[in-house]
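Structural description and commentary
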Amino acid sequence: MLEAIISGLMALATPQAMLFMIIGVSYGLMVGILPGLGGIVAIALLLPFTYGHERAATLALLLGAHIATIWGGSVTSILFKVPGAAKSLALVFDGHPMTQQGHASRALGASATAALLGGLMGAIFLAFSIPIVRPVMLALGPSEYLMMALWGLTIIATFSEGSLLKGMIATSAGIMIAYVGMDPVSGTPRFWFGSIYLLDGISFPVAMIGLFAVAEMIKLFVKGNTMIDRVAGEEKSSVFDGVKDAFRHWWLVVRSSLLGLWVGVLPGVGASVGGIAAYAQAAQTSKTPERFGNGAVEGVIAPDATLGANEGGGLMPTLAFGIPGGESMAILLVAFLSMGIVPGPQMLTTELDLVFSMVWIIVIANIITTLIGLAISSRLARLPTLNPNIMIPLVLSVCLFGAFATRGLVEDVLVASFFGGLGYVMDKYQYSRANFVIGMVLAEMIERNLHISLGLYGDYFVLTRPITLAMLIFIIITTALPFLRQQRQALYKRFFFNKKNKQAKE
Amino acid sequence: MSRRLQENIVATVVLAVFMAYLITTLSFGNNARLVPLPIAILGIVLVLIQLVKQNLTEKEKLEVNILSSLTGIKNPSPTEEDKQPSTPPPHQSRREIQAILFVIIFVGLILLLGPVLAVFLFSSGFLSFTGHYPPVKAIWFSALFSVALYLLFAVALQLQLYHGILAPLITP
């Protein structure tokens, strides 16, 4: 284990890895600060550049960018009241009032420090969870992995934003798309319509570029290229006041980080839920809850600590079981697969040094992000405007060029633009794109493990394997619960309404 | 077009796709359809429930104050910024058509001329069309950007570029 920790760090000590880390963090900060573009778009645009480099260096680029986008997204929430990504929404509540009161630098300083502390806790958690998870993983067979994947799918649908049904439809559609191409078990070509291109299947990176990056550009254009302006007032506090705030509220940071870890570990529950939940627990446990919503620094610290810690928590199920913790983890998983990193028991045995490289990347990238963040916060606080108008042709060009670059096939450009349109429609009518992606990612795992389970344990493997059966019962209960709760609430409302009506008549 | 009608059109298209998927799945062998078949059936059932639900139930009021519902605190006094009426962006469907047209034109240019020339033409055209830059500045900016992309993809990443359908007609 100690050897893996050291070799994981040494893999990052190459000039290429360090350079990629700095490029990744700088790029992530830039993308994160641009409204509408978040971590998902940042990773999707990096996917074409993940081939042919050292693995540790590529991971430094991807994870570095991903971590930096978290704080980048917080900046626009605090300064412009425009969340850089859905997960930064909670920062608007108190971050923006702080900016209006002339405490933008303080809010940015507190935000960067809380994200760093949360990120470090996430990395420590990931490192310490490995020896605990390893024996569990090695004890599980294909049928249990199948159940875990199914649980991942159902829990994603349960926690998806908006309609539960639409979330489940999106998940089914994602699984459906994943089965285009050659069946890996029987070798049967499926849904290829005589096209050799489709025989290879839909490339995940290309679909991601379309679904998120192209769709976001369409959305930005439809919105009308709104100029985001504000009047930058006089600053009444400094960045270091914010740093001190984060350390003064250390217990809040610890609590929020633990929440972030928990949200990250739960498959399918994205950081969007975590940020809001952290804000809610900060407000509910505060002695002065009336300050929340009016510029309380705790309202900035809590969500950022949660978002920072979420990454370490989210990487655990992603690497160990191949079940992404959220939509950004799903894209990271796609990137890992394209780099030849296959999640599963081998990640915690033969590839342990790579996992520790990721732990070190989280630590180093968080430190670099915070250092850059603290250095530029006072300048950012005076930033008067952000113009997303120019982003559309630039990002769209990189998207379609990037789609072509993934396999050197011009058909991929067509597929990316198709998924761009699909992503826009899904977003407009609230069919969760995150569910679609996670469905796509888990489809292969489900099919492979189902075939292996049938081959190894027979047709009634669910009944003959007690752990599998217990997991299936657990899935049924967790899936049915929200429906039952909804029904109970509807019944209660109806009963209450009837009673009220009767009383009114009397 | 009402929102409900739009939702119905989308759900009907999704239903048609799932049905086509189901029919195609039936032509596969047992192993190949082991997972796709139940997924297609599940998809159809879910879309049908969605269609019934969205047409028979009233649309719930979704505009809730997240801050108040989370914290139990009453909404703080609205700022001047909040008091301004939030008007929906005008001519949304026109802009949607424009956006889709832009993507189609860009893809068409890539197919005809290859990505480098397409990026140059699209970027300069877009920046001039939106009035972000005057035409000459837009051309300069786009040329620089296209060169940067060429250096990144063709030189640094050594990607074999696609030269477009028209390339054989232009090159001797």
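Residues numbered from 1 in each chain as written. Chains lettered and ligands numbered in written order. Predicted model: local features only at pLDDT ≥ 70, side-chain atom pairs only at ≥ 80, totals over all residues.

1. Observations regarding the overall build of chain B
To keep things clear, this is the line we draw: A run of H or I in DSSP becomes a helix once it reaches four residues, and a run of E becomes a strand once it reaches two; helices and strands are each numbered from the N terminus. Each residue is classified by how many other C-beta atoms fall within 10 Å of its C-beta atom, where C-beta atoms are placed from the backbone; a count of 20 or more means buried, 12 or fewer means exposed, and values in between mean partly exposed. We call two residues in contact when the distance between their C-beta atoms, placed using the backbone, is within 7 Å.
Within chain B one finds 8 helices and 0 strands. Traced from its N-terminal end to its C-terminal end, chain B shows the element sequence α-α-α-α-α-α-α-α. Scored against the burial criterion, the 172 residues of chain B give a buried share of 24%. The contacts in chain B between residues at least 6 apart in sequence include a share of 51% that link residues at least 24 apart.

2. A short note on the overall build of chain A
Counted only if it meets this: Here the radius of gyration uses the C-alpha set of atoms, whereas the globule reference equals 2.2 Å times the residue count to the power 0.38.
Scanning chain A from terminus to terminus reveals 21 helices and 4 strands. A compact globule built from 506 residues should have a C-alpha radius of gyration of about 23 Å, and chain A, at 23 Å, falls within 12% of that. Across the 506 residues of chain A, 58% fall into the buried class. Counting only contacts in chain A whose residues sit at least 6 apart along the sequence, the fraction spanning at least 24 positions is 80%.

3. With respect to the domain arrangement of chain A
All names here are of chain A. Applicable threshold: The start and end points of each domain follow an automatic or database-based domain assignment.
When cut into domains, chain A gives domain 1 (2-228 + 235-463) and domain 2 (465-506). Once you take the C-alpha centre of each, domain 1 and domain 2 turn out to be 33 Å apart. Of the residues lining the interface, 13 residues belong to domain 1; the matching set on domain 2 comes to 10 residues. Within the residue set of the side of domain 1 that touches domain 2, elements represented by two or more residues are helix H7 (142-159) and helix H20 (461-464).

4. So, the interface of chain B and chain A
Using the following cut-off: When residues are grouped by polarity, Ala, Val, Leu, Ile, Met, Phe, Trp, Tyr, Cys and Pro land in nonpolar, Asp, Glu, Lys and Arg in charged, and all others, Gly among them, in polar.
Listed by partner, the interface residues are 52 residues for chain B and 58 residues for chain A. Elements with a minimum of two residues in the side of chain B that touches chain A: helix H1 (3-25), helix H2 (36-56), helix H3 (66-71), helix H5 (92-113), helix H6 (115-129) and helix H7 (135-156) of chain B. Per-element accounting of the side of chain B that touches chain A gives the leading share, 10 residues, to H5(B). For the side of chain B that touches chain A, the class distribution of residues is 36 nonpolar, 12 polar and 4 charged.

5. A look at the domain arrangement of chain B
Buried accessible area, meaning the area lost when the parts come together, often serves as the stated size of an interface. The domain architecture assigned to chain B consists of domain 1 (3-58) and domain 2 (92-170). Taking only C-alpha atoms, the centre of domain 1 of chain B and the centre of domain 2 of chain B are 37 Å apart.

6. Side note on unusual backbone geometry
Residues and elements named next belong to chain A. At Phe191, a position not held by glycine, the phi torsion is positive, near 50°. Backbone geometry places Gln430, a non-glycine residue, at a positive phi of 60°. Position of Gln430 relative to the elements: it lies in the loop between helix H18 (411-428) and helix H19 (433-457). Assessed through the 16 C-beta atoms surrounding it within 10 Å, Gln430 is described here as partly exposed.

7. A few points about the environment of A:Leu126
Residues and elements named next belong to chain A. With respect to the secondary-structure elements, Leu126 resides in helix H6 (residues 104-139). Spatially, the C-alpha atoms of Leu126 and Ser417 are 37 Å apart, while their sequence positions differ by 291 residues. Once you skip the residues sitting within four places of it in the chain, Leu126 turns out to touch Gly312, Leu315, Met316 and Val359.

8. Describing the packing of helix H4 (residues 55-80) of chain A against helix H16 (residues 352-380) of chain A
All names here are of chain A. How we decide: All axes here are fitted lines through C-alpha atoms, helices being fitted over the stretch that makes contact, and every angle between N-to-C directions spans 0 to 180 degrees. For any helix crossing, the convention is left-handed if the near helix is rotated counterclockwise from the far helix by under a right angle, and right-handed if that rotation is clockwise.
Packing of H4 against H16 brings their axes to within 8 Å, and their N-to-C directions diverge by 35°. Like other packed secondary-structure pairs, H4 and H16 cross with a definite hand, here right-handed. Residues Arg55, Ala56, Leu59, Ala60, Leu63, Gly64, Ile67, Ala68, Trp71, Val75 and Leu79 of H4 touch H16, and the partners they reach there are Leu354, Ser357, Met358, Ile361, Ile362, Ala365, Asn366, Thr369, Gly373 and Leu380.

9. Considerations on helix H15 (residues 327-338) of chain A
Residue and element names in this part refer to chain A. Applicable threshold: Every helix has an expected span of 1.5 Å times one less than the residues it contains.
Given a rise of 1.5 Å per residue, 12 residues ought to cover 16 Å, and the 17 Å separating the end C-alpha atoms of H15 matches this to within 8%. The element H15 is largely enclosed, with a buried count of 10 among its 12 residues. Elements in contact with the buried residues of H15: helix H3 (39-46), H4, helix H10 (204-223), helix H14 (298-321) and H19. Of the residues flanking the end of H15, it is Gly340, one or two places downstream, whose phi is positive at about 85°.

10. Topic: the environment of A:Ile202
All names here are of chain A. One can find Ile202 in the loop between helix H9 (196-199) and H10. The class for Ile202 is buried, based on 20 C-beta atoms found within 10 Å. In this structure, the C-alpha to C-alpha distance between Ile202 and Ser186, residues 16 residues apart in sequence, is 19 Å. Not counting chain neighbours up to four residues away, the residues in contact with Ile202 comprise Ile177, Val180, Ala207 and Val415.

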